[in-house]
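Understanding the architecture of this molecule
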Amino acid sequence: MVKAKTQAIAFHLFWLFLLFLSFHFYQERTFADTAYFLFKVINEGFFQIQHGRAVIAISQVGALLGVTIGLSLQKVLIIHSVYNALFFYGIALWLFHTIKNTNAAWLYTLLLISSHWAYFSPYLEVFYGASFTVLFFAAFANSTHFSKYYLVYYPLLWLAVMAHPSFFLVVGAHIVFLYLEKRKLTPELKSIGLFFSAAVIVKILSFSVYEIGRLQSTSDPVKVNWVQAVVDLSQHYLTHYLSVLILLVAVVVIFVATKRWKLALFIGVSYLLFVGLVVFSLKNGAYKWYNEVTLLPFILVLILPLISTKFASKSSINNVLGAVLVLLFIWNITSIYDRGDLLGMRYQQMQTIASEAKDLYPDKSKFILDDTNYERSFTEAGMQLPYEFFIASAEFGASNAVAISLREMMKVDSSINLIQNQNQILYWGFSVGPISALNENYFNLQSSPYQSLHSAAYSGAIDQYIDQTQLSLVKHPIHAKGGSVIRPLINIEIQDLILPSSTSAAINLSYHIYSSEGDVVIWDGQRTPLEIDIKFNYQQRIEILLPENPGNYKVVIDLVKEGEKWFNKGVEYDLVVY
């Protein structure tokens, strides 16, 4: 009794911590696909559902409520992030207290934090499909409870399988698993099978154009380089999804230890087959970034057997599983913080670029960035970038909103004719829309042509720019691991001139590194281009690759005019490399 109470307290405390994280990272949780849906919900004031996947509407309730009652964009963003965490907390509570399957509650919680990419993009239908899949089969494992409330759970399973086609594979595989475990086709299992078959038929008859296109691409004659795919995925999982590999091994070991060889073999083989299907269907390396498919649905193949099976040596199994889970929770939370720091830099970067763009061109709202100036390791510029810029720039006022397109990634050069109309904006790719369609309460853009943020030219000799420029440190680490990359935040100030950022201007941020004895360790550090033209003052991060050897170093950050001279305006600080 005491042990159960302690576990319940630990469970709730951890979820309260996750709720805190959702508030702490409310800006960062507008990343990638979430930015696309969130922008549309805010702009149009209604649910945004695509490909018939109605479950995605659940994720949008919080933001839509905030928009409906007229809250500011900042408050809408906070509500959007916290609401999604509250919803998942509600599912976890259901598992823990109503169904009373504590393994399911903890494993479900682990699922939600195992994809560090997806944690910051909560508007993903796979999250909600996973929630209802776990909920259904956890309830099914409690026969007394399920027999009373099956009319509640079957609609949830319907929402789950309709959330994403991959859930048909997950649910179908688990039905086979239950049959192998029970060694007979029970009436309850027959009911699930009939329900599942009906869902498959309905889905086939209602495939969206997008889903049909995916199926056609699967039959494309392009071959998969399986050796390269295995190498890529191994590195991808070791770097991002170590918890999946550990859990896979743990699940197989648990079933082998309880002499359930067939089930252990089925779990291992089905997981590998599912990942193989992902690689085959996406081909050409796309599986490396299609995170929600490579992880979220298929990790259920590992979770579902544990929440559906009763073990004779329940205490020892729980002890082993508990120890593994504690380690995985610690590792995943640490990784979420690390990724959150990078996405926080990214969000701040977008806001700073938007602010400087308005200083440079106060009568404009539509701008073009060059990829060579913007794209770096923490930037992660995806196709949703214009939506992310809309949200980040407008957070503190609709008049601050800007439309940003990257020159190469957004194919502006090849589709410039699409955006010559000053009353239109480019959302992504070749998607163009009128400015008049924007909700002016949140995104108030001016009608104007797109303006490059790298169009400033020299108006004097380089020495004039050096005389008028000052550098200062805003934020910097004081210790870091050898061979790692650090990103100090630098303030660049210039008077009476505009510091040009174009590639041809050849002005970059760089650094020198000295040993504690004053010897030069690195003189010509790697270059970080100026993100945009700078009119007054601008804050941006410089990427510094540290020496491998531990020790005390002095870092000097400066500007350099390539082929001519350093500005000698360097700011310096001491750094401990361990």
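This write-up is about the structure you can find in this document. Note that the structure is a prediction, hence the values are computed from the model and not measured.

Criteria and thresholds
- Residues numbered from 1 in each chain as written.
- Predicted model: local features only at pLDDT ≥ 70, side-chain atom pairs only at ≥ 80, totals over all residues.
- Heavy atoms only, no water.
- Core = buried A, V, L, I, M, F, W, Y, C linked by side-chain atoms within 4.5 Å.
- Buried < 20%, exposed > 50% of the residue type's maximum accessible area, 1.4 Å probe, protein only.
- Helix = DSSP H or I, 4+ residues; strand = E, 2+ residues; numbered from the N terminus.
- Axes fitted to C-alpha atoms, helices over the stretch in contact; angles between N-to-C directions.
- Parallel < 35°, antiparallel > 145°, perpendicular 65-115°, else oblique.
- Left-handed = near helix turned anticlockwise from the far one by under 90°.
- Contact = heavy atoms within 4.5 Å.
- Nonpolar A, V, L, I, M, F, W, Y, C, P; charged D, E, K, R; others polar.
- Pairing = 2+ DSSP bridges.
- Patch = residues over 30% accessible without salt bridge, like charges linked within 9 Å, V, L, I, M, F, W, Y side chains within 5 Å.
- Areas by Shrake-Rupley, 256 points an atom, 1.4 Å probe, with all protein chains shown as cover.
- Salt bridge = Lys/Arg side-chain N within 4 Å of Asp/Glu carboxyl O.

Here we come to the nonpolar core. Formed by 105 residues in total, the largest nonpolar core has its most connected members in L95, Y108, F132, F255, L300 and L302. Ranked by residue count, the leading element in this core is helix α8 (residues 125-141), at 12 residues. Residues I353, V402, I435 and Y465 belong to the second largest nonpolar core, which totals 80 residues.

What follows covers the packing of helix α13 (residues 226-240) against helix α15 (residues 261-282). One way to put it is that α13 packs onto α15 with a least axis distance of 11 Å and a crossing angle of 115 degrees. Our classification of the angle between α13 and α15 gives roughly perpendicular. Judged by the twist between their axes, the crossing of α13 over α15 is right-handed. Touching W226, A229, L233 and Y237 of α13 are Y271, V275, G276, V279 and F280, all from α15. A class-by-class count of the residues in the contact of α13 with α15 yields eight nonpolar, one polar and no charged.

Turning to the sheet that holds strand β5 (residues 451-452), a few remarks are in order. Pairing is parallel in the open sheet, where three strands are placed in the order β2-β1-β5. Looking at which strands have only one partner, the edges of the open sheet turn out to be β2 (403-406) and β5. Note that strand β1 (residues 366-369) and β2 share four bridges and pair parallel. When the sheet's bridge partners are listed, I368 is paired in β2 with S405.

The next subject is a nonpolar patch on the surface. A cluster of nonpolar side chains, F46, F47, I49 and V61, forms an exposed patch at the surface whose accessible area comes to about 350 Å². Mapping F46 onto the fold places it in the loop between α2 (33-44) and α3 (56-59).

Geometric descriptors of this kind do not, in isolation, establish any biological role.
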